[in-house]
Amino acid sequence: MTQEKKTAAHVYTVELRFSGDQLEPSEISTRLNLQPSNALSQSQSQTTKKRRRPYWAYNGQGEVGFQAEWASLEDGLEFLLRSLSSKKAEIVALACQFDGLWWCGHFQASFDGGPTLSPKLLIEIGSYGIPLGIDNYFSDE
């Protein structure tokens, strides 16, 4: 856990993810002309103890304004949407072929508050036809 997580009551991470039994991460990278922040190929998934579906994930690392952790979920998602806006048509096409997800990690040290998303952001996320998922993690450290 980073020092920021220890001092902030709520910290967020964001990624666009694709997963599927037939997914090959290099195909997604080629189609979007992006390198993933994390990926698992079919051959790698077969060598892990717990069988996992192949996936490809992108958090915008390397882009101007990137932050590994965000104090605001809205800011993190807006950054990711801006970074990917020129690739929207291909992202929508990939979502028809694979399981897509706007994945958000919510790391919280208290139970007061949490993320708030504007209607404008929700409309933009919804226009991709990809669900938004928020995983919550609690730590009282």
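Only a predicted model underlies this, so the values are computations on that prediction, with no experimental measurement involved.

Asker: Looking at this structure, how should I read the overall build of the protein?
Answerer: Summing up its helical and strand segments, the protein has 6 helices and 5 strands in all. Within the protein, buried positions represent 40% of all 141 residues. A separation threshold of at least 6 residues defines the contact pool for the protein, and within that pool the share at least 24 residues apart is 75%. Of the accessible surface of the protein, which amounts to about 8000 Å², a share of 50% is contributed by carbon and sulfur atoms.

Asker: Would you explain the pairing of strand β5 (residues 132–138) in this entry?
Answerer: The side chains of a regular strand alternate, residue by residue, between the two faces of the sheet. As paired strands, strand β4 (residues 99–108) and β5 are joined by 7 bridges and run parallel to one another. Opposite tryptophan 102, over in β5, you have leucine 132 as the bridge partner.

Asker: How should the confidence of the model for the protein be read in this particular structure?
Answerer: Detailed reading of the predicted coordinates is not advisable wherever pLDDT is low. Confidence along the protein averages 89 in pLDDT terms, with 87% of residues attaining 70 or more. When the elements of the protein are averaged for pLDDT, helix α1 (residues 3–7) gives the smallest value, 45, and helix α5 (residues 88–97) the largest, 98.

Asker: Can you help me understand the side chain of serine 41 in this one?
Answerer: Here serine 41 is to be found in the loop between β2 (38–40) and α3 (42–47). For serine 41, the residues in contact, after removing those within four places along its chain, are Glu24, Pro25 and Pro54.

Basis of the calculations
Residues numbered from 1 in each chain as written. Predicted model: local features only at pLDDT ≥ 70, side-chain atom pairs only at ≥ 80, totals over all residues. Heavy atoms only, no water. Helix = DSSP H or I, 4+ residues; strand = E, 2+ residues; numbered from the N terminus. Buried < 20%, exposed > 50% of the residue type's maximum accessible area, 1.4 Å probe, protein only. Contact = heavy atoms within 4.5 Å. Areas by Shrake-Rupley, 256 points an atom, 1.4 Å probe, with all protein chains shown as cover. Pairing = 2+ DSSP bridges. pLDDT = per-residue confidence, 0-100.

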